[in-house]
Amino acid sequence: GAVVSQHPSWVICKSGTSVKIECRSLDFQATTMFWYRQFPKQSLMLMATSNEGSKATYEQGVEKDKFLINHASLTLSTLTVTSAHPEDSSFYICSARDSTGTGRDNEQFFGPGTRLTVL
Amino acid sequence: QKEVEQDPGPLSVPEGAIVSLNCTYSNSAFQYFMWYRQYSRKGPELLMYTYSSGNKEDGRFTAQVDKSSKYISLFIRDSQPSDSATYLCATSTGGGNKLTFGTGTQLKVEL
């Protein structure tokens, strides 16, 4: 159990376009999901906390108008990179907290990541 | 100063060696400590999860937390080539709260 999927696994887009990344908890409900960004040979940096039914909480320095987060259901959060530029090229990873009362609510389960390349 | 410091390596050891990976942290509010393994171009996989100080063992893996010195360790016994990956330490102030990661240590176990 505790499987998190991301779609797409990789995407190449032109500069100025928008890209949507989906994060799904497949076998549990998640009221809270997290979005991270990881540059090559660097650690994961938290971008925002996504809360089901409410606005996301963004970390300092992350532009909320550029990185739109929607957590419309208990199993799906989406991250939209708007007007993408080459500097947005990175590995985007989501994680989810299990809120179904299984006793795993202290853990975060990570998705496989989405590699974004902006040309 | 970063909240969580971790030597990036790379660390190369022979198969069968005992591996010691370490992190230090500065925020005394951190209560939960985790170790993740990340293979290239994949998401992190939780290896060990501990609360407060103490030791926790799971198979070939042992996690240690010393809150007095703000030092966390992961030991891997009888290391295997399949253990070659990047190991990330992470901390949080509360269960399920946002995680603060170290930079990760790249480990290579050679035949």
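Here goes a summary of the coordinates provided. Each chain has its residues counted from 1, following the order in which its sequence is written. Chains and ligands are labelled sequentially in the order written, the chains with letters from A and the ligands with numbers from 1. It should be noted that, the model being predicted, local features are given only for residues of pLDDT at least 70 and side-chain atom pairs only at 80 or more, the latter also being counted only at that level, while totals for whole chains, interfaces and linings use all residues. Note: side-chain values were computed over all heavy atoms of the structure, leaving out hydrogens and water.

1. As for the pattern of salt bridges
We count a salt bridge whenever a side-chain nitrogen from Lys or Arg sits within 4 Å of a carboxyl oxygen from Asp or Glu. Counted under the stated rule, the structure contains 7 salt bridges over all chains. In this structure, Lys66 of chain A engages Asp88 of chain A in a salt bridge whose closest nitrogen and oxygen atoms are separated by 2.9 Å. Separated by 22 residues along the polypeptide, Lys66 of chain A in the loop between strand S6 (57–58) and strand S7 (67–73) and Asp88 of chain A in the loop between strand S8 (76–81) and strand S9 (90–97) bring together distant segments of the chain. A residue is classified by how much of its surface remains accessible, and Asp88 of chain A, at 5% relative accessible area, is buried. Taking the shortest distance from any N to any O, the salt bridge between Arg60 of chain B and Asp83 of chain B comes out at 2.9 Å. Pair noted here: Arg60 of chain B is in the loop between strand S6 (54–58) and strand S7 (61–66) and Asp83 of chain B is in the loop between strand S8 (71–76) and strand S9 (85–92), with a separation of 23 residues, a long-range link. Segments assigned H or I by DSSP are reported as helices when at least four residues long, segments assigned E as strands when at least two residues long, and all are numbered from the N terminus. Exposed residues in this analysis have more than 50% of their type's maximum accessible area, buried residues have under 20%, and partly exposed residues fall in between, with area computed by a 1.4 Å probe over protein chains only.

2. Concerning unusual backbone geometry
One can expect most non-glycine residues to show negative phi and most peptide bonds to be in trans. Across the junction of His7 of chain A and Pro8 of chain A, the peptide omega takes the value 0°, indicating a cis bond. Turning to its location among the elements, Pro8 of chain A is positioned in the loop between strand S1 (4–7) and strand S2 (10–13). Residue Gly9 of chain B is joined to Pro10 of chain B through a cis peptide bond whose omega torsion reads 10°. Its place among the elements puts Pro10 of chain B in the loop between strand S1 (4–6) and strand S2 (11–14). A positive phi angle, near 55°, is found at Lys70 of chain B, a position not held by glycine. Take Lys70 of chain B: it is sitting in the loop between S7 and S8. The phi torsion at Asp78 of chain B lies on the positive side, around 45°, for a residue other than glycine.

3. Structural notes on the interface of chain B and chain A
The contact criterion used is simple: two residues touch if any of their non-hydrogen atoms lie within 4.5 Å. Taken together, the contact pairs 19 residues of chain B with 20 residues of chain A. As used here, buried area is the combined drop in accessible area, with a 1.4 Å probe, of two parts when they are placed together. Of the roughly 1,500 Å² buried where chain B meets chain A, counting both sides, 53% is carbon and sulfur surface. Area buried by chain B at its contact with chain A is led by Arg41, Gly96 and Lys98 of chain B, which between them contribute 31% of it. The salt bridge involving Glu59 of chain A is made with Lys98 of chain B; its shortest N-O contact spans 2.9 Å. Polar contacts, as used here, are pairs of N or O atoms within 3.5 Å; protein pairs need one atom able to donate a hydrogen and one able to accept it. Residues neighboring in sequence count only if both atoms are side-chain atoms. In this structure, the connection of chain B to chain A is made through 4 residue pairs in polar contact (both at pLDDT 80 or more). Counting residues per element, the ones that place at least two in the side of chain B that touches chain A are strand S4 (32–38) and strand S5 (45–51) of chain B. Per-element accounting of the side of chain B that touches chain A gives the leading share, 3 residues, to S4 of chain B. Lys, Arg, Asp and Glu make up the charged group, whereas Ala, Val, Leu, Ile, Met, Phe, Trp, Tyr, Cys and Pro make up the nonpolar group; the residues left over, Gly among them, are polar. Considered class by class, the residues forming the side of chain B that touches chain A number 8 nonpolar, 8 polar and 3 charged.

4. Topic: the side chain of Ser90 of chain A
All names here are of chain A. Position of Ser90 relative to the elements: it lies in strand S9. Using a relative accessible area of 4% as the deciding quantity, one classes Ser90 as buried. A distance of 3.0 Å separates a polar side-chain atom of Ser90 from the backbone oxygen of Gln38. Residues contacting Ser90, with those up to four places away along its chain left out, are Arg37, Gln38, Phe39, Thr114, Arg115 and Leu116.

5. Focus on the state of the cysteines
Criterion for a disulfide: a pair of cysteine sulfur atoms within 2.5 Å. The final tally for this structure, using the stated rule, is 2 disulfides over all chains. The residue that forms a disulfide with Cys23 of chain A is Cys94 of chain A, at a sulfur-sulfur distance of 2.0 Å. Around the S-S axis, the bridge from Cys23 of chain A to Cys94 of chain A shows a dihedral of about 80° and counts as right-handed. Linking Cys23 of chain A in strand S3 (residues 19–25) with Cys94 of chain A in strand S9, this pair joins segments that are 71 residues apart in sequence. By relative accessible area, which is 0% here, Cys23 of chain A ends up buried. The disulfide bridge from Cys23 of chain B ends at Cys89 of chain B, spanning 2.0 Å between sulfur atoms. Taking the torsion about the S-S bond as the criterion, the Cys23 of chain B to Cys89 of chain B disulfide, at about -100°, is left-handed. Of this pair, Cys23 of chain B sits in strand S3 (residues 19–25) while Cys89 of chain B sits in strand S9, and the two are 66 residues apart along the sequence. You'll find Cys23 of chain B and Cys89 of chain B in the same group, each marked buried.

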